[in-house]
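# Observations on the model geometry
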Amino acid sequence: MMNPFQRTVAGWLTEAGFQWVEEFPVCGYAIDLYIPELRTGIEIDGPHHNLRRAKDAAREEIIATSESIHIVRVPVGAKKWEVMEALGIRPHWRKDGGP
């Protein structure tokens, strides 16, 4: 089940024209949001993630090596432009160049 900020980010992805998968299973883990078209996963980092940086880095390496999926870490409360920029989407947020 998505938390409120995950729903917000998922909405931004939908507005930008991307399809996404919630809690995408890969290598025995679940990625918060996965964008198949970009082969990119988004991990929403709350305060508890600061305590797990080494584990998170190891998990990302396994996923990147095994499945060629890039992981983008997004802190809770990030702005829309920060998320889109982290995904390499700029200056327009829509794939079709719309507003």
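The present account deals with the structure reproduced in this document. (Residues numbered from 1 in each chain as written. Predicted model: local features only at pLDDT ≥ 70, side-chain atom pairs only at ≥ 80, totals over all residues. Heavy atoms only, no water.)

## Regarding the nonpolar core
The condition that has to hold: Within this scheme, the nonpolar core is defined by two criteria: the residues are buried Ala, Val, Leu, Ile, Met, Phe, Trp, Tyr or Cys, and they are joined through side-chain atoms within 4.5 Å. Relative accessible area decides the class of each residue, using a 1.4 Å probe on protein chains only: under 20% of the type maximum gives buried, over 50% gives exposed, and in between gives partly exposed. Here a strand is any run of E in DSSP of at least two residues, a helix any run of H or I of at least four, and the numbering for each starts at the N terminus. Here, residues are in contact when the closest pair of their heavy atoms is within 4.5 Å.
In terms of nonpolar packing, the biggest core is built from 19 residues, with Val 9, Leu 13, Ile 42, Val 74 and Leu 87 touching the most fellow members. Mapped by element, the contributors of at least two residues to this core are helix H1 (4-15), strand E2 (29-35), strand E3 (40-45), strand E4 (70-75) and helix H3 (80-86). The greatest single-element share of this core, amounting to five residues, is contributed by H1. Excluding residues within four positions of it along the chain, Leu 13 makes contact with Phe 18, Trp 20, Leu 33, Ile 35, Ile 42, Met 84 and Leu 87. Ranked by size, the runner-up nonpolar core spans six residues in total, among them Val 26, Tyr 34, Ile 63 and Ile 71.

## Topic: the packing of aromatic side chains
The geometry of an aromatic ring pair comes down to the distance between the two centres and the angle between the two planes. Our working definition: Stacked, edge-to-face and tilted are the three classes for Phe, Tyr and Trp ring pairs, Trp counted by its six-membered ring, which pair at centre distances within 6.5 Å; planes under 30 degrees apart are stacked, over 60 edge-to-face, the rest tilted.
For the structure on display, the rule yields two aromatic pairs. An angle of 90 degrees between the planes, with centres 6.1 Å apart, marks the rings of Phe 5 and Trp 12 as edge-to-face. Comparing Phe 5 with Trp 12 shows no difference in burial state: the two are buried.

## So, the sheet that holds E3
Note the following rule: Pairs of strands are assigned from DSSP output, requiring at least two bridges between the strands. For helices, the fitted axis covers only the stretch in contact; all axes are lines through C-alpha atoms, and the angles between them, taken along N-to-C directions, range from 0 to 180 degrees.
Ordered in space as E1-E2-E3-E4, the four strands form an open sheet in which the pairing is mixed. Only two strands of the sheet have a single partner each, and these edge strands are strand E1 (21-26) and E4. Going across the sheet, the axis of each strand differs from the next one's by a mean of 45 degrees, ignoring polarity. As judged from the five bridges shared by E1 and E2, these two strands associate in the antiparallel manner. Within E2, the position partnered with Glu 22 by the bridge is Leu 33. Sitting on the sheet, H1 touches E1, E2, E3 and E4, and the angle it makes with E2 is about 35 degrees. Running over the sheet, helix H2 (residues 53-67) touches E1, E2, E3 and E4 and is turned about 65 degrees from E2.

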